[in-house]
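Now for the letters of each chain:
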Amino acid sequence: MKSSDILKAIHDGKHIAVMRTEEAEIFIEIAQTIIEKGLNIIEVTLTTPNALNIIEKLSEREDALIGAGTVLDAVSARNAIMSGARFIVSPSFDKETAKIANLYDIPYIPGCMTVKEMVESLQYGCKVLKLFPATQFTPKTIKDFKGPLPQIEIVPTGGIDKTNHREWLDAGSFAVGIGSEITKVFQEQGKSALEQYVLDLKSEVQ
């Protein structure tokens, strides 16, 4: 897939499951569960144990789009890409990571909080930016940033859950990142509750 095709898939999917767990086996179990129910865009944070192995295993599925998150440098980005990551996400912008992603035609989605950071990201070819942490903003912020920068697309991440995801999407978000609530539902209520959670989440934006 080309970078443009990957970004289209993310936009069409609307939700990115941004996950981290203490054990790789639990991560894979959660991922397999949500993929089966239609939440099939998953960001594997590199702070998860054996993250590259998780990316490699999940990338074998043709019905899922797997990326790497919490990527802090170009070396980590390349390792993730070689393991099968189809997009790269960082908590902040890094020039060398942008260059590596461009070299392999992989979308790089860096975390930004200011117009200055967004402009720099655009200069290095980033098409979609992560608004992080979204808890510091409101959905109205999407329109505010697009005033001076109408060409940007934004994925808010951090503090997004089933109670407010629709509000962010309606405000013009390219997609939204949902994380801790997914693992929390699984760990506290079990697999069947997570399956229902995903079905409810997806039905609210169809």
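Look up: the structure comes first, before these words.
Source: prediction; values computed, not measured.

Chemist: What exactly am I supposed to notice about the packing of helix α2 (residues 24-36) against helix α10 (residues 191-203) here?
Modeler: The relative placement of two packed helices comes down to the angle between their axes together with the axis-to-axis distance. One can describe the packing of α2 onto α10 by two numbers: an axis separation of 9 Å at closest approach and a directional angle of 40 degrees. Relative to α10, α2 is oriented oblique. Here α2 and α10 pass one another in a crossing that is right-handed. Across the interface between the two elements, Ile30, Thr33 and Ile34 from α2 touch Lys191, Leu194, Glu195 and Val198 from α10. When grouped by side-chain class, the residues that make up the contact of α2 with α10 number 4 nonpolar, 1 polar and 2 charged.

Chemist: Is there a simple way to think about the pairing of strand β5 (residues 108-112) in this case?
Modeler: Side-chain direction in a regular strand flips from residue to residue, so the side chains alternate between the two faces of the sheet. Of all 5 residues in β5, 5 are buried; the element is thus mostly enclosed. In β5, alternate side chains face the same way, and those of Tyr108, Pro110 and Cys112 on one face and Ile109 and Gly111 on the other are all buried. Of the strand pairs in this sheet, strand β4 (residues 88-90) and β5 are connected by 3 bridges, and their pairing is parallel. Paired with Ile88 across the two strands is Tyr108, which belongs to β5. Crossover handedness for the path β4 to helix α5 (residues 95-103) to β5: right-handed. Here 2 bridges tie β5 to strand β6 (residues 128-131), and the two strands are oriented parallel to one another. From the neighbouring strand, Cys112 faces β6, where its bridge partner is Leu131.

Chemist: Help me understand a nonpolar patch on the surface in this model?
Modeler: A cluster of nonpolar side chains, contributed by Met82, Leu103 and Tyr104, occupies part of the molecular surface with about 310 Å² of accessible area. Residue position: Met82 is located in helix α4 (residues 74-82). Of the residues examined, Met82 reaches a relative accessible area of 46% and is grouped as partly exposed.

Chemist: What is the right way to look at α2 in this model?
Modeler: Given 3.6 residues per helical turn, the α-helix brings residues three or four places apart onto the same face. The end-to-end C-alpha distance of α2 is 18 Å, a good match for the 18 Å that 13 residues give at a rise of 1.5 Å each. Here α2 has its buried residues at Ala24, Phe27, Ile28, Ile30, Ala31, Thr33, Ile34 and Ile35. Elements that come into contact with the buried residues of α2 comprise β1 (15-19), β2 (41-45), α3 (51-58), α9 (180-189) and α10. One or two positions beyond α2, positive phi appears at Gly38, with a value near 105 degrees.

Thresholds, definitions, all that
- Note that residues are indexed from 1 along each chain, following the sequence as it is written.
- Reporting of local features is limited, given that this is a predicted model, to residues whose pLDDT is at least 70; pairs of side-chain atoms are given and counted only at 80 or more, and all residues count toward the totals for whole chains, interfaces and linings.
- Computation of side-chain values: all heavy atoms of the structure, hydrogens and water removed.
- Only C-alpha atoms enter the line fits that serve as axes; for helices the fit covers just the stretch in contact. Angles between N-to-C directions range over 0 to 180 degrees.
- Secondary structure is summarised from DSSP: a helix means a run of H or I of at least four residues, a strand means a run of E of at least two, and numbering begins at the N terminus for each.
- In these notes the angle categories are as follows: under 35 degrees is roughly parallel, over 145 is roughly antiparallel, 65 to 115 is roughly perpendicular, and the rest is oblique.
- Note: crossing handedness is left-handed where the near helix turns anticlockwise from the far helix by less than a right angle, and right-handed where it turns clockwise.
- Throughout, a contact is declared for two residues whenever any of their heavy atoms are within 4.5 Å.
- Only Asp, Glu, Lys and Arg are considered charged, only Ala, Val, Leu, Ile, Met, Phe, Trp, Tyr, Cys and Pro nonpolar, and every remaining residue, Gly among them, polar.
- Only protein chains enter the area calculation, which uses a 1.4 Å probe; residues under 20% of their type maximum are buried, those over 50% are exposed, and those in between are partly exposed.
- Strand pairing is assigned whenever DSSP detects at least two bridges linking the two strands.
- For the handedness criterion, the strands are oriented away from the viewer, and a crossover whose path from the first strand over the helix to the second runs clockwise is classed as right-handed.
- Two distance rules govern patches: like charges are joined within 9 Å, and nonpolar side chains (Val, Leu, Ile, Met, Phe, Trp, Tyr) within 5 Å, applied only to residues with over 30% relative accessible area and no salt bridge.
- The Shrake-Rupley method, run with a 1.4 Å probe, gives the accessible areas here. Residue values count only the displayed protein chains as cover.
- Only one rule defines a salt bridge in this text: a Lys or Arg side-chain nitrogen within 4 Å of an Asp or Glu carboxyl oxygen.
- In this analysis, the expected span of each helix is defined as 1.5 Å times one less than the number of residues it contains.

Nothing here speaks to function; it is geometry throughout.
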